[in-house]
Amino acid sequence: MELGSIMYSFGDVPGAVFTTFSVQTGLLAELDRKFPSYLSAWNGECFVSNDELATHYGFVSRGRAALKYRELDVTLHEGMFFCVPGDFSIHPESGGQGIIVSREAYRGQFGIGGPVEHKGRLRYIDGCTDSLLVPPLLKGDPCLNLLHFPGGVDQTAHVHPSDRIGIIISGLGKCHYWNAGTESVVNLEAGMIFCIHAQGLHKFSTPYGQDMRVLAYHPDSDFGPTHEDHPMLNRTLVRGVSAKFIDEIRTITA
């Protein structure tokens, strides 16, 4: 099935905080237009993207699927993720499911990883941890993350400056969110796809005694290498001085 018309635009629901989506093959939603992205999925059917100008971040939530990209034909297993710039297609085995978030007008770097680990490697908030599965290539670029919530967590309510797209990888939990001061609660379970809208006040909790894992796409970042600050430059020493501080030898254009 090729990408069709947009089924849902976040601009259609002013003030929306938290939205869930059914897992069906094709385009599900247009995302925050400040960082133009769109959400798609596959559910037992082939998925084809002809968007050569976008970079696509994907995750296999159930079963297996063949990723076809240029001359590559790679089998992805449950729990694996990918980053693909340009055209590609997904060919699932029976019952296979997954999610794709595409960042428009951005050229990422091809990569495959996973299966994702159980816990994150970076400390986050309220006992939760995070891993950067696909980090920003440059400061400000999109990224793909693994979030781990131990059982018994009750997060501090917070907001994000841009949309967050996620899928529950495993476990059970709740999302609490507030719209005009009124609290709503949504039960979370494995396979659920959701969006937390920009500036939406929310928190997650895991009151059932189970860990919960979430894959989360961020369309932007305030972290990552820059032309003036990256490991190759910083650790190049000229008479004991980092090339970072020697303007006359640094490459001006790339």
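Rules behind the numbers
Residues numbered from 1 in each chain as written. Predicted model: local features only at pLDDT ≥ 70, side-chain atom pairs only at ≥ 80, totals over all residues. Heavy atoms only, no water. Helix = DSSP H or I, 4+ residues; strand = E, 2+ residues; numbered from the N terminus. Contact = heavy atoms within 4.5 Å. Core = buried A, V, L, I, M, F, W, Y, C linked by side-chain atoms within 4.5 Å. Buried < 20%, exposed > 50% of the residue type's maximum accessible area, 1.4 Å probe, protein only. Pairing = 2+ DSSP bridges.

A. Focus on the side chain of Ser61. Among the structural elements, Ser61 can be located in strand S5 (residues 55-62). Here Ser61 is in contact with Glu78, Gln97, Gly98 and Ile167, once residues within four sequence places are set aside.

B. Inspection of the environment of Glu52 at higher detail. Note on placement: Glu52 falls in the loop between strand S4 (47-49) and S5. For the pair Glu52 and Thr253, spaced 201 residues apart in the sequence, the C-alpha separation amounts to 25 Å. Excluding its chain neighbours within four sequence positions, the residues that come into contact with Glu52 are Arg70, Gly86, Asp87 and Arg107.

C. Seen up close, the nonpolar core. The biggest cluster of nonpolar side chains holds 25 residues, and the ones touching the most others in it are Leu39, Phe59, Ile99, Ile165, Ile193 and Leu215. At three residues, strand S15 (residues 164-170) tops the list of elements feeding residues into this core. Leaving out residues up to four positions away in the same chain, Leu39 has contacts with Phe21, Leu27, Leu28, Ala29, Leu31, Ile99, Ile100, Val101, Ile165 and Ile193. Grouped together as the second largest cluster of nonpolar side chains are 17 residues, Phe18, Cys128, Leu147 and Val214 included.

D. How the structure looks around the pairing of S5. With seven of eight residues buried, S5 lies mostly within the body of the structure. Where S5 meets strand S8 (residues 81-85), five bridges bridge the pair, whose relative direction is antiparallel. By the bridge assignment, Gly58 is partnered in S8 with Phe82. Relative to strand S10 (residues 97-103), S5 is paired through seven bridges, and the arrangement is antiparallel. Looking at S10, one finds that Tyr57 is bridged to Val101.

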